[in-house]
Amino acid sequence: MSVADSWSRVMSLLREHAPADHADLPGPATEQMLAAAEERMGISLHGDLRTWLLQNNLDLPEEDVDDEVACCGFDGFPDEGSFFLGIRAMERLYANRSMPGGFDPPDQPDYPFWRNEWIPFLSDQDGWTGKFVDVRDGRVGRWFVGDPTVTGEYESLAQYVDSVTETLTRIAGGSSRVCRFAEGRLVWS
């Protein structure tokens, strides 16, 4: 399944079970926005990431951005502690993580904490943990400050988005102990 199809399933579940949350999500990024971001970052986005952003650019409106935190996003989606990043938030976090030599720490090229080929798409508010797409092959990895970075946690962004669909399906079915749908929103315990 493509990332566009996978994301469409997530949006359908939100539209049906959390229409207030769904209504809060912004529209898609434009090709011009993506090209400008790629130029500023100095790296091309992976095709799946580009396709996903052209479906929904999940940046907060400018007036809702909190300059006191590393990352901003829509609280409570896809889970309680993290949120999907829009293109502006991706750029900001990428600029914070990228290194002149291409990886960090510079003395561990085979086991880096961060590589410049990794574009974050999900993060906590502090930028200490999250998920990234490797632009070289499209695999999704995970970082957590202080722990080893995990590469290839998911084979693709579509596979990761499918896992979000599974979680939302469990919540809709009432089998989640930590989240439910109430008054048109995802509510975490």
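Residues numbered from 1 in each chain as written. Predicted model: local features only at pLDDT ≥ 70, side-chain atom pairs only at ≥ 80, totals over all residues. Heavy atoms only, no water.

1. Quick word on the overall build of the chain
In step 1: Of regular secondary structure, the chain possesses 6 helices and 9 strands.
In step 2: Here the chain has a C-alpha radius of gyration of 16 Å; the compact-globule value for 189 residues is 16 Å, and the two agree.
In step 3: Along the first, second and third principal axes, the C-alpha set of the chain runs to 50 × 35 × 35 Å.
In step 4: The burial tally for the chain puts 48% of its 189 residues in the buried class.
In step 5: Pairs at least 24 apart in sequence give 54% of the contacts found in the chain among residues at least 6 apart.
In step 6: Carbon and sulfur atoms form 48% of the exposed surface of the chain, whose accessible area is close to 9,500 Å².
In step 7: Counting 16 positive and 33 negative side-chain charges, the chain places the averaged centre of each group 4 Å from the other. (Helix = DSSP H or I, 4+ residues; strand = E, 2+ residues; numbered from the N terminus. Rg over C-alpha atoms; globule rule 2.2 N^0.38 Å. Buried < 20%, exposed > 50% of the residue type's maximum accessible area, 1.4 Å probe, protein only. Contact = heavy atoms within 4.5 Å. Areas by Shrake-Rupley, 256 points an atom, 1.4 Å probe, with all protein chains shown as cover. Lys, Arg positive; Asp, Glu negative; His and termini not counted. Charge placed at Lys NZ, Arg CZ, Asp CG, Glu CD.)

2. Topic: the packing of helix α3 (residues 31-41) against helix α5 (residues 87-97)
In step 1: Two elements in contact, α3 and α5, have axes separated by 11 Å at closest approach and are oriented at 5 degrees. Of the possible angle classes, the one that applies to α3 and α5 is roughly parallel. Touching Met 33, Leu 34, Ala 37, Arg 40 and Met 41 of α3 are Ile 87, Glu 91 and Tyr 94, all from α5.
In step 2: By residue class, the composition of the contact of α3 with α5 is 6 nonpolar, no polar and 2 charged. (Axes fitted to C-alpha atoms, helices over the stretch in contact; angles between N-to-C directions. Parallel < 35°, antiparallel > 145°, perpendicular 65-115°, else oblique. Nonpolar A, V, L, I, M, F, W, Y, C, P; charged D, E, K, R; others polar.)

3. Focus: the pairing of strand β7 (residues 150-154)
In step 1: As judged from the 2 bridges shared by strand β6 (residues 140-144) and β7, these two strands associate in the antiparallel manner. Along β7, the bridge assignment pairs Arg 142 with Val 150.
In step 2: In sequence, β6 turns back onto β7 through a hairpin of 5 residues, with Gly 146 there showing a positive phi of about 95 degrees. (Pairing = 2+ DSSP bridges.)

4. A closer look at the pairing of strand β8 (residues 179-182)
Looking along a regular strand, one sees side chains alternate from face to face of the sheet.
In step 1: Residue alternation in β8 divides its side chains into a buried set, Cys 179 and Phe 181, and an unburied set, Arg 180 and Ala 182.
In step 2: Sheet analysis places β8 next to strand β9 (residues 185-188), joined by 4 bridges and oriented antiparallel. Within β9, the position partnered with Phe 181 by the bridge is Leu 186.
In step 3: Counting the residues that bridge the hairpin from β8 to β9 gives 2 residues, and of these Glu 183 lies at a positive phi of roughly 50 degrees.

5. Topic: the nonpolar core
In step 1: One finds Leu 49, Trp 52, Phe 84, Phe 121, Leu 157, Tyr 160 and Leu 168 to be the most contacted residues of the largest nonpolar core, which totals 50 residues.
In step 2: For this core, the element with the highest residue contribution is helix α6 (residues 157-172), accounting for 7 residues.
In step 3: Leu 157 has contacts with Val 3, Asp 48, Leu 49, Trp 52, Phe 121, Val 133, Gly 138 and Val 140, leaving out every residue within four places of it along the chain. (Core = buried A, V, L, I, M, F, W, Y, C linked by side-chain atoms within 4.5 Å.)

6. A short note on the packing of aromatic side chains
In step 1: Here the structure, examined in full by the defined rule, presents 12 aromatic pairs.
In step 2: Both rings, one in Trp 7 and one in Trp 52, keep their centres 5.5 Å apart while their planes meet at 90 degrees; by these two values the pair is edge-to-face. One end of the pair, Trp 7, is in helix α1 (residues 3-17); the other, Trp 52, is in helix α4 (residues 47-55), and 45 residues separate them in sequence. One exposure class covers both Trp 7 and Trp 52, and it is buried.
In step 3: Between the aromatic rings of Phe 84 and Phe 121, the centroid separation amounts to 6.5 Å while the plane-to-plane angle is 20 degrees, which identifies the pairing as stacked. A residue pair is termed long-range when its members are at least 10 positions apart, and Phe 84 in strand β1 (residues 83-84) and Phe 121 in strand β4 (residues 118-123) qualify at 37 residues.
In step 4: Classification of Phe 84 by relative accessible area gives buried; the value is 1%.
In step 5: Grouped by ring-pair contacts, the aromatic residues Trp 7, Trp 52, Phe 84, Phe 121, Tyr 154 and Tyr 160 constitute a single cluster. (Phe/Tyr/Trp six-rings, centres within 6.5 Å; stacked < 30°, edge-to-face > 60°.)

In short, shape yes, function no, at least from these values alone.
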